[in-house]
Amino acid sequence: MCAERSNEESHRNPDNGIDPMSHVPVMADEVLEFLSHGHNEGLLVDGTAGAGGHLGLLSGALPGMTFLAVDRDPAAVEILISRFRDNPDVIVRQGSYTDIPEIISELGLQNASAALFDLGLSSIQLDDPQRGFSYRFEGPLDMRFDDSTGKTAAELLNKMTEKEIADIIYNYGEEGRSRKIAKAIAGNRPVRTTLQLAQIVNASVRRGSNKILSRVFQALRIAVNGELDQLEMLIDELDGWTEAGARIAFITFHSIEDRKIKLLFRDTPGYRQHSPRWLVPGEDEVRRNSRARSARLRMGIRV
Ligand SMILES: C[S@@+](CC[C@H](N)C(=O)[O-])C[C@H]1O[C@@H](n2cnc3c(N)ncnc32)[C@H](O)[C@@H]1O
């Protein structure tokens, strides 16, 4: 999950709107160092390849490896295909990271010796008003990573009970004023656009702020995309497609996600924590890329 505030750093291409290179990969040096250790062949899976920021660095540093880039978002996949069209070592597939076992078997690939999951959303998604992820731009309240399937955020909000809305805001957004906010949403339906939702949320609390909006939008995004269920499924399947000794890195931006990964590497048979168990970005990186501010890199090894 990349925090909502990240679009303060939005880089726009005046010709066609969103610049595909505007997404700056988080903790890239640390990821590269951990995942490249001891590797000169085998399969590296980037399960949330996004704009290919991490993948570009990894594929440049590790000739001889095969790279499988997966993303749920068809628009991200288009960018990946175009970015890596001249690199025969990179295979791009649209799908969820929970589809990786089928993709690997379909392609006849060996199990992975390294894997990366950079959870959440990219700056490209956040900065596109039509995707509805940001409270800063007017747009349809959509928020689906894959807009060919599932219910939009507006559809969810207009159908859920007030209590269900409050629970989502409280559990996924860790926002204490969830009941007040849910009441206001329920009383102002139908909700259709990002700015309409932002206005309802701001009016429902004594002092509205971007922090509250970030939490509400984040919570909705997690619910719309079933992100925690997806992560659970990934964790359950991971040992089926990674080889012994595989290095596995997760970048998380949310405490619930981070806890799941901590438990995976610390308490699940078949894994061990790498040392250090986790890293956060340095001050310099946070200064350069505010989106990195709440990131945590967790590292583990299949045994
Ligand atoms: C933070 S971005 C990744 C950015 C990438 N590491 C880079 O450097 O360009 C997260 C990406 O994960 C994708 N994503 C979210 N949930 C997913 C899932 N269940 N399966 C595959 N991709 C997913 C999003 O569409 C988004 O493109």
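Since we're looking at a predicted model, the values are computed, not measured.

Draft legend 1. Up close: the domain arrangement of the protein. According to the domain assignment, the protein contains domain 1 (4-124 + 227-302) and domain 2 (146-224). With centres defined by C-alpha atoms, the gap from domain 1 to domain 2 works out at 28 Å. With 12 residues of domain 1 at the interface, the matching set in domain 2 holds nine residues. Between domain 1 and domain 2, roughly 930 Å² of surface is buried when both sides are summed, and carbon and sulfur atoms account for 49% of that area. Here domain 1 is connected to domain 2 by one salt bridge. Across the pair Glu227 and Arg221 runs a salt bridge, and its minimum N-O distance is 2.8 Å. In this structure, the connection of domain 1 to domain 2 is made through six residue pairs in polar contact (both at pLDDT 80 or more). Among the secondary structure elements, those contributing two or more residues to the side of domain 1 that touches domain 2 are α11 (227-241) and α12 (255-267). Split by residue class, the side of domain 1 that touches domain 2 holds four nonpolar, four polar and four charged.

Draft legend 2. Here's a closer look at the site of the ligand. Residues in contact with the ligand amount to 25 residues; listed here are only the nearest, His54, Asp71, Tyr97, Asp118 and Gln125. Take Tyr97: an N or O atom from its main chain is 2.8 Å from a nitrogen atom of the ligand. Protein contact buries 99% of the 600 Å² of open area that the ligand shows by itself.

Draft legend 3. The packing of α11 against α12, seen in detail. Contact pair α11 / α12: the axes reach a minimum separation of 11 Å and the direction vectors enclose 10°. Judged on the interaxial angle alone, α12 and α11 are roughly parallel. Taken together, the residues of α12 that come into contact with α11 (itself represented by Glu227, Leu228, Leu231, Glu232, Ile235 and Leu238) are Ile256, Glu257, Lys260, Ile261 and Leu264.

Draft legend 4. Just the sheet that holds strand β7 (residues 242-252), in detail. Taken in spatial order, the seven strands line up as β5-β4-β3-β6-β7-β9-β8 in an open sheet, and their pairing is mixed. The sheet is open, and its two borders are formed by β5 (90-94) and β8 (271-279), each paired with just one other strand. Each adjacent strand pair in this sheet contributes to an overall mean axis angle of 15°, direction not counted. Relative to strand β9 (residues 296-302), β7 is paired through six bridges, and the arrangement is antiparallel. Note on β9: the bridge partner recorded for Phe250 is Arg298.

Draft legend 5. Local environment of helix α3 (residues 74-83). When we look at burial in α3, the residues that qualify are Ala76, Val77 and Leu80. The buried residues of α3 occupy one face: seen down the axis, they fall within an arc of 100°. Buried positions along α3 lie against β4 (66-71) and β5. Residue Asp73 occupies the N-cap position of α3, its side-chain oxygen lying 2.8 Å from the main-chain nitrogen of Ala75.

Draft legend 6. Quick peek at the packing of helix α1 (residues 28-36) against helix α2 (residues 53-61). Where α1 contacts α2, the two axes come as close as 10 Å, and the packing angle between them is 40°. Accordingly, the angle class assigned to the pair α1 and α2 is oblique. Once α1 is placed against α2, the crossing between them reads as right-handed. Residues Ala28, Val31, Leu32 and Leu35 of α1 touch α2, and the partners they reach there are His54, Leu57, Leu58 and Ala61. Tallied by class, residues from the contact of α1 with α2 come to seven nonpolar, one polar and no charged.

About the cut-offs
- Residues numbered from 1 in each chain as written.
- Predicted model: local features only at pLDDT ≥ 70, side-chain atom pairs only at ≥ 80, totals over all residues.
- Heavy atoms only, no water.
- Domains from an automatic or database assignment.
- Contact = heavy atoms within 4.5 Å.
- Buried area = accessible area lost by both parts, 1.4 Å probe.
- Salt bridge = Lys/Arg side-chain N within 4 Å of Asp/Glu carboxyl O.
- Polar contact = N/O pair within 3.5 Å; in protein donor to acceptor, adjacent residues only side chain to side chain.
- Helix = DSSP H or I, 4+ residues; strand = E, 2+ residues; numbered from the N terminus.
- Nonpolar A, V, L, I, M, F, W, Y, C, P; charged D, E, K, R; others polar.
- Near = heavy atom within 4 Å.
- Areas by Shrake-Rupley, 256 points an atom, 1.4 Å probe, with all protein chains shown as cover.
- Axes fitted to C-alpha atoms, helices over the stretch in contact; angles between N-to-C directions.
- Parallel < 35°, antiparallel > 145°, perpendicular 65-115°, else oblique.
- Pairing = 2+ DSSP bridges.
- Buried < 20%, exposed > 50% of the residue type's maximum accessible area, 1.4 Å probe, protein only.
- Arc of directions from axis to C-beta.
- Left-handed = near helix turned anticlockwise from the far one by under 90°.

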